[in-house]
Amino acid sequence: MPDKRLLNTETVLPLDTTIHLDGAQVPAATGELLVERINHALPDRRLAQVCYHHSMGPIETCDTCMVEVNGRMVRACATPVTPGMEVATRSPRADAAQRDAFDRILKNHDLYCTVCDNSNHNCTVHNTAMNLDVRHQERPFTPKPYQQDHSNPFYRYDPSQCILCGRCVEACQNVQVNETLTINWESEHPRVLWDGGMQIAGSSCVSCGHCVTVCPCNALMEKSMLGRAGYLTALPQPVLNGMIAAVKAVEPATGFPPIMAISNGEAAARDLRNKRTKTVCTYCGVGCSFDVWTQGRHILKIEPADGPANGISTCVKGKFGWDFVNSKERIRHPMIRDERTNEFRKTTWKEALDLIERRFKQIKQNHGPDAFAFIASSKCTNEESYLMQKLARQVIGTNNIDNCSRYCQTPATMGLSRTVGYGGDSGSIADIEQAELVIIVGSNTCESHPVLATRIKRSQKHRGQKVIVADLRRHEMAERADLFLHPKPSTDPIWINAVANYILQQGWHKQEFIDRWVDNFDAQRESLAQYTLEFAEQRTGISRDTLIQVANWIAQSKTVCILWAMGVTQHCGGSDTSTAISNLLLLTGNYMRPATGAYPLRGHNNVQGASDFGSIPNVYSGYQKVADEQVRAKFEAAWQCTLPVKDGLDNHEMIRAIHDGTLKCLYLKGEDTITSDANANDVKVALEQVDFLIVQDISLSETAKFAHVVLPASPSLEKEGTFTNTERRIQRLYRAIKPLGFSKPDWEIIQLIANRMGGKWKYKHPSEVMDEVAALTPLFAGVSYERLEGYKSLQWPVAKDGTDSPYLFKDGFPFPDGKARFHPVDWIEPSEEQRNGEFTLHLNNGRLLEHFEQGAMTYQSEGIRALTPTNFVEVSPELAAEYGLSDGTLVELRSPYGKARVPVVVTSRVQGHELYMPLNSIDQPVNRLTGTHVDRATHTPAYKEIAVSLTKLGEQGPNPLPPGNFRHGHRTPQPGVEVERKWARLDYTLPGSSLVQIKTTTV
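Cut-off values and rules
- Residues numbered from 1 in each chain as written.
- Predicted model: local features only at pLDDT ≥ 70, side-chain atom pairs only at ≥ 80, totals over all residues.
- Heavy atoms only, no water.
- Pairing = 2+ DSSP bridges.
- Helix = DSSP H or I, 4+ residues; strand = E, 2+ residues; numbered from the N terminus.
- Axes fitted to C-alpha atoms, helices over the stretch in contact; angles between N-to-C directions.
- Expected span 1.5 Å × (residues − 1).
- Buried < 20%, exposed > 50% of the residue type's maximum accessible area, 1.4 Å probe, protein only.
- Arc of directions from axis to C-beta.
- Phe/Tyr/Trp six-rings, centres within 6.5 Å; stacked < 30°, edge-to-face > 60°.
- Contact = heavy atoms within 4.5 Å.
- Polar contact = N/O pair within 3.5 Å; in protein donor to acceptor, adjacent residues only side chain to side chain.
- Parallel < 35°, antiparallel > 145°, perpendicular 65-115°, else oblique.
- Left-handed = near helix turned anticlockwise from the far one by under 90°.
- Nonpolar A, V, L, I, M, F, W, Y, C, P; charged D, E, K, R; others polar.
- Salt bridge = Lys/Arg side-chain N within 4 Å of Asp/Glu carboxyl O.
- Core = buried A, V, L, I, M, F, W, Y, C linked by side-chain atoms within 4.5 Å.
- 1 Å grid on protein atoms, 1.4 Å probe; cavity = no way out; pocket = protein on both sides within 12 Å on 5 of 7 lines; lining within 4 Å.
- Points joined across faces, edges and corners; volume = space filled by probe spheres on them.

K.L.:
I tried to follow the sheet that holds strand 22 (residues 597-600) on my own but got confused; where do I start?
P.N.:
Strand pairs in the sheet, formed through backbone hydrogen bonds, run parallel or antiparallel to each other. Taking strand neighbours across the sheet as the criterion, the five strands line up as 19-18-17-21-22 in an open arrangement whose pairing is parallel. Looking at the sheet topology across the chains shown, the edges are occupied by strand 19 (483-485) and strand 22. Strand-to-strand, the axes of this sheet are offset by a mean angle of 15°, without reference to chain direction. Bridge analysis of strand 18 (residues 466-470) against strand 19 gives three bridges, and the strand direction is parallel. Residue pairing for strand 19: Ile468 is matched across the bridge by Leu483.

Here's what the structure looks like:
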């Protein structure tokens, strides 16, 4: 079988030869798969292919693509092109083999297309029956002796409809690489298995939806489609069974064509009511794009196919976590807090805007523009971020504007800005996929960025990519790593600099690259001298030999990518650790080439774009500094105003300014500050005392409960705009459904407020905002909605002619001399309280795969809530024994700043006196325990530096992870579908070698 193809990199082979295809001479590329050349050359009469999927490559189970090559029967999906080969796709022998193979499929599949929810012009089995013009079925359908499995909350498996093509297995084993699905080929009645068993629930299935997406029929289907997609499919099952039986009874006399004609007509009618709209995922920063199918407001399904970041991939949230859009928790009207009752009351947009206008003007007149502060949202669009900062700067006259990157990624941006100039990923997911060595520091990639993680897992499994993981937890990526480092908390910069120092001492650094492209080498060499292997071993707990091994692997690898996330950034030295990572990459020449560089993985869908488009206190869009007189003059001319000169307040400083009495008005959209910022108790006091608080959101967040005015916003499915993902990729999203109730897209709301304050804005569509951005921002000079149409995307910087930058620094670095800069850093002790007193345990924290942040959106999904209904704290087996804890024991965690009560999960993912608490709780958020310590350079809270005590409360509840949670499963890794086991069955013969006469005719 040919090698596994890259998923995010299209292999383009030169047309260097010709083949003879059905009598015609056709240009072709040596080594390309024959099926691809046939599909390209004969688009109007596509070769039958049921198991083959372009994104996955050959599976070789269905045999429907049998063709004659040089007189020999072969599968076109697994046959590489050779010069001059003679190919016959419609010869009598090939035609009979294809029909024989498809007839075997129909033995496993009951064709009842008209009453099937999957008959939507994209069912591979249905389309193949039409393509082959199947008239009759020789082998009768034989049901398998298994019941349907509805145990997963999101999809169901019907073994009797399963054709055993193995697409789902290939997707699970080698695309998602969760390695849950297999087929028991040796069984009398083969079927798909989950962890070797017959039930989905309780297996290691993470509900990513890959299997459902690639299933070529209705064997695997989204539950949200069942009884909804077709006109007749909601009928009771006994009625449907009767209809199916009646159709089957007439099939021998009429043949398939009349039945298929009815099915096609009904499918065409479905197209009139089942809308398909391209959108971009609203969860993490990977930037998955896909079609959302809607019927009215009902979301039928998410269908990925052509996304440049994800292809056919999704995770549980992107595939199934959209219930929040229609949740009863949605805010449908503007609300004002009644001063007498202190309760919210519904109001009109006019009254809400009247109040905002009056209070804004009063505060500005009495206290000046710097009494205002604005917080933009990482969930909203680029255009909405731009308008939020424009409102602050042009209309109000303050630079007090920030976004939630302050809570997570700003230190990474700082580290890269210091060293290489641009605070974004050096390349694309494709570069990570192709690297020889991937180093992951402080990132639970499989759960925080699951689709990106699949690319690493696939390259490790099939291309020999080496993976090093440094983390406090042995999470999935750590388990899979070729080398796992467990440093002591807050010591990452020590081992990184020690590895750099050792590489330097051994002469393994890239001196030629440094001489040509990097300044300040002598200072960097001097600063590294203190980081000896002995010092690093003592402080980090990582052995000298392990550090040498890391250095060896880096030096021996031609291409290295380093990925990091909140485990690095959310420390007092987060910017310095990020800087150390970039310094190491510069030292080893791992910039300026494909498959190299720095990758600070962005946590939210548009946290990159929120900063890119100017929602930061010291820069306009494209990181143009407000202190630069020429830049400021350009914006003043465009906006026809005088702009403030001094840098504004960041999120952290805003809370302090409220306490100090200098900040009177806070306007935030799409952010829940009280459950996001550090030291929630301190933030609560600030929100209680601010004079005027406006919260713009889709639901009543904890922060909104303190607001004076709440404005109902629209989520991504209800508006248009663009998002920018972690790889700097700008993508369009389109409105799939109308705004709910009286809610409005954020950009419209911001414009209404701006115009109440004299802004005179006249935007009719977000595209006009983007045009303005492009005109004012060199980084986005060539960005336009036309160039982003459909699934097209652009990675900044984008030149005026539309040329974008899949990887950065191709011709130099964005500094005046074109060179990068080493930036020496010193390690600082963590801020957490000393563990010689009451607080002796270290509390780590972060994300879960199935939930997002505090869970405001994901808890609205009944299925996700069933998987993981509550928050918990992970404790090690040794700590559980010490404290007398077991799964479900309720404990109280206390820090110097607050306390939280959560049940326990005992797991070897953590060790010793280190704990892990996910973020997904509004009632008992982890930030009740965090202090006010921040990164020295960016004021990002030190969320990862928490010392706590633990008290057993004596209450024993159920395991917080229900029996159906995937963490109880046990994976069953295989190279793939293992089709050789099918071929070894006694009842298998290769089609074309011993043919059944199939009663069909060719069109």
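K.L.:
When you look at helix 6 (residues 237-254) in this model, what are you seeing that I'm missing?
P.N.:
One turn of an α-helix holds 3.6 residues; hence residues three or four places apart share an orientation. For helix 6, which comprises 18 residues, the first-to-last C-alpha distance of 25 Å matches the rise-based estimate of 26 Å (1.5 Å per residue) to within 8%. Residues of helix 6 that are buried: Leu240, Ile244 and Glu251. The buried residues of helix 6 occupy one face: seen down the axis, they fall within an arc of 40°. Relative to its buried face, helix 6 has exposed residues pointing more than 90 degrees away, namely Pro238, Ala249 and Ala253.

K.L.:
So what exactly am I meant to see when it comes to the packing of aromatic side chains here?
P.N.:
Aromatic ring pairs are described here by two measures, namely the spacing of the ring centres and the angle between the planes. A complete count under the given rule lists 27 aromatic pairs for this structure. Residues Tyr283 and Trp322 carry aromatic rings whose centres are separated by 6.4 Å and whose planes lie at 70° to one another, so their mutual orientation is edge-to-face. Pair noted here: Tyr283 is in the loop between strand 10 (275-280) and strand 11 (289-295) and Trp322 is in the loop between helix 8 (316-320) and strand 13 (335-337), with a separation of 39 residues, a long-range link. For Trp322, a relative accessible area of 3% gives the class buried. For the ring pair Tyr422 and Trp796, a centre distance of 5.6 Å and an interplane angle of 80° mean the geometry is edge-to-face. Placement of Tyr422 in the loop between helix 11 (410-419) and helix 12 (429-434) and of Trp796 in the loop between strand 28 (793-795) and strand 29 (820-821) is noted, with a sequence separation of 374 residues between them. Given the relative accessible area of 22%, Tyr422 is considered partly exposed. For Trp796, a relative accessible area of 0% gives the class buried. Ring pairing ties together the aromatic residues Tyr422, Trp517, Tyr591, Tyr623, Trp796, Phe809 and Phe813, which thus form one cluster.

K.L.:
Looking at this structure, how should I read the sheet that holds strand 15 (residues 372-375)?
P.N.:
Taken in spatial order, the seven strands line up as 14-13-25-24-23-15-16 in an open sheet, and their pairing is mixed. Where the open sheet ends on each side, the last strands, each with one partner, are strand 14 (344-346) and strand 16 (401-402). Together, strand 23 (665-669), strand 24 (692-697) and strand 25 (709-712) form the strand contacts of helix 28 (residues 746-756), whose direction differs from that of strand 23 by roughly 155°.

K.L.:
When you look at the side chain of Thr938 in this model, what are you seeing that I'm missing?
P.N.:
Secondary-structure assignment places Thr938 in the loop between strand 34 (914-918) and strand 35 (947-956). Take Thr938: its relative accessible area is 3%, and that puts it in the buried class. For Thr938, the side chain forms a polar contact with the side chain of Asp935, separated by 2.7 Å. Excluding residues that lie within four positions of it along the chain, Thr938 makes contacts with Arg406, Thr410, Pro411, Met414, Ser575 and Asp650.

K.L.:
Any chance you could explain the packing of helix 16 (residues 492-505) against helix 22 (residues 574-587) here in plain terms?
P.N.:
Describing two packed helices takes the angle between their axes plus the distance from one axis to the other. Interhelical geometry of helix 16 versus helix 22 gives an angle of 20° and a closest axis separation of 9 Å. As the angle between them shows, helix 16 and helix 22 are arranged roughly parallel. Remark: the crossing between helix 16 and helix 22 carries left-handed chirality. Of the residues in helix 22, those touching helix 16 at Asp492, Pro493, Ile496, Asn497, Ala500, Ile503 and Leu504 are Thr577, Ala580, Ile581, Leu584 and Leu587. Its residues assigned to classes, the contact of helix 16 with helix 22 comprises nine nonpolar, two polar and one charged.

K.L.:
What exactly am I supposed to notice about the environment of Asn274 here?
P.N.:
By secondary structure assignment, the location of Asn274 is in the loop between helix 7 (256-273) and strand 10. Distance in space between the C-alpha atoms of Asn274 and Gln640 is 46 Å, their sequence separation being 366 residues. Those residues in contact with Asn274, other than ones at most four positions away along the chain, are Asn120, Ala229, Thr294, Gln295 and Leu300. Of note is the side chain of Asn274, whose polar atom sits 2.9 Å from the backbone oxygen of Ala229.

K.L.:
Mind showing me how you'd approach the pairing of strand 15 here?
P.N.:
The two faces of a sheet get side chains in turn, since along a regular strand they alternate between them. Neither face of strand 15 is exposed, since Phe372 and Phe374 on one face and Ala373 and Ile375 on the opposite face are all buried. Of the pairings in the sheet, the one linking strand 15 to strand 23 comprises four bridges and is parallel in character. Each bridged residue has a counterpart across the sheet, and for Ala373 the counterpart in strand 23 is Leu666. Relative to strand 16, strand 15 runs parallel, the two being bridged by two bridges. Bridging from a neighbouring strand, Ile375 pairs with Asp402 of strand 16.

K.L.:
Would you mind going over the pattern of salt bridges with me for this structure?
P.N.:
Between side chains of opposite charge, a pair can form when the charged atoms approach closely. Counted by the stated rule, this structure contains 55 salt bridges. The partner of Lys646 in a salt bridge is Asp370, with the nearest N and O atoms 3.7 Å apart. Taken together, the residues span a long stretch of sequence, with Lys646 in the loop between helix 24 (629-639) and helix 25 (651-660) and Asp370 in the loop between helix 9 (349-367) and strand 15 at a distance of 276 residues. On the accessibility criterion, Lys646 (57% relative accessible area) is exposed. According to the relative accessible area criterion, Asp370 is partly exposed, its value standing at 34%. Counted as one network, the salt bridges with shared partners bring together Glu179, Lys457, Lys461, Glu476, Arg480 and Arg971.

K.L.:
I tried to follow the nonpolar core on my own but got confused; where do I start?
P.N.:
Proteins that are soluble and globular tend to have nonpolar side chains buried together. Counting residues in hydrophobic clusters, the biggest one holds 96 residues, and the most contacted among them are Phe360, Leu563 and Tyr667. With near-sequence residues (within four places) excluded, Leu563 lies in contact with Ile432, Val438, Ile439, Ile440, Val441, Leu452, Ile456, Tyr599 and Leu601.

K.L.:
I keep staring at the packing of helix 25 against helix 27 (residues 680-689) and nothing clicks. Help me out?
P.N.:
Where helix 25 contacts helix 27, the axes come no closer than 9 Å and their chain directions differ by 55°. Between helix 25 and helix 27, the angle falls in the class oblique. Regarding helix 25 and helix 27, the two cross each other, and that crossing is left-handed. On helix 27, the residues that touch Ile655, Arg656, Ile658 and His659 of helix 25 are Asp682, Val683, Val685, Ala686 and Gln689. Split into classes, the residues belonging to the contact of helix 25 with helix 27 amount to five nonpolar, two polar and two charged.

K.L.:
Is there a simple way to explain empty space enclosed by the protein in this structure?
P.N.:
Where empty space is left in the structure can be found by rolling a water-sized probe over the atoms. Per the stated rule, a full pass over the model turns up 12 cavities of 30 Å³ or more. Approximately 310 Å³ is the volume found for the largest cavity. Taken together, 26 residues form the lining of the largest cavity, with Gly442, Asp471, Gly567, Asn844 and Lys944 sitting closest to its centre. Of all the elements in the fold, those that place two or more residues in the lining of the largest cavity are helix 21 (566-569) and strand 30 (841-846).

K.L.:
What should I look at first to understand unusual backbone geometry in this one?
P.N.:
With the exception of glycine, the majority of residues adopt a negative phi angle, and the majority of peptide bonds are in the trans configuration. Note that the residue after Trp796, namely Pro797, is joined by a cis bond; omega there is 0°. Looking at where Pro797 falls in the secondary structure, it is placed in the loop between strand 28 and strand 29. Phi is positive for Ser207, which is not a glycine, with a value near 55°. With respect to the helices and strands, Ser207 occurs in the loop between strand 8 (192-194) and helix 5 (210-214). Its relative accessible area of 1% is what places Ser207 among the buried residues. Positive phi values are uncommon outside glycine, yet Asn520 reaches one of about 75°.

Structural measurements only, silent on function.
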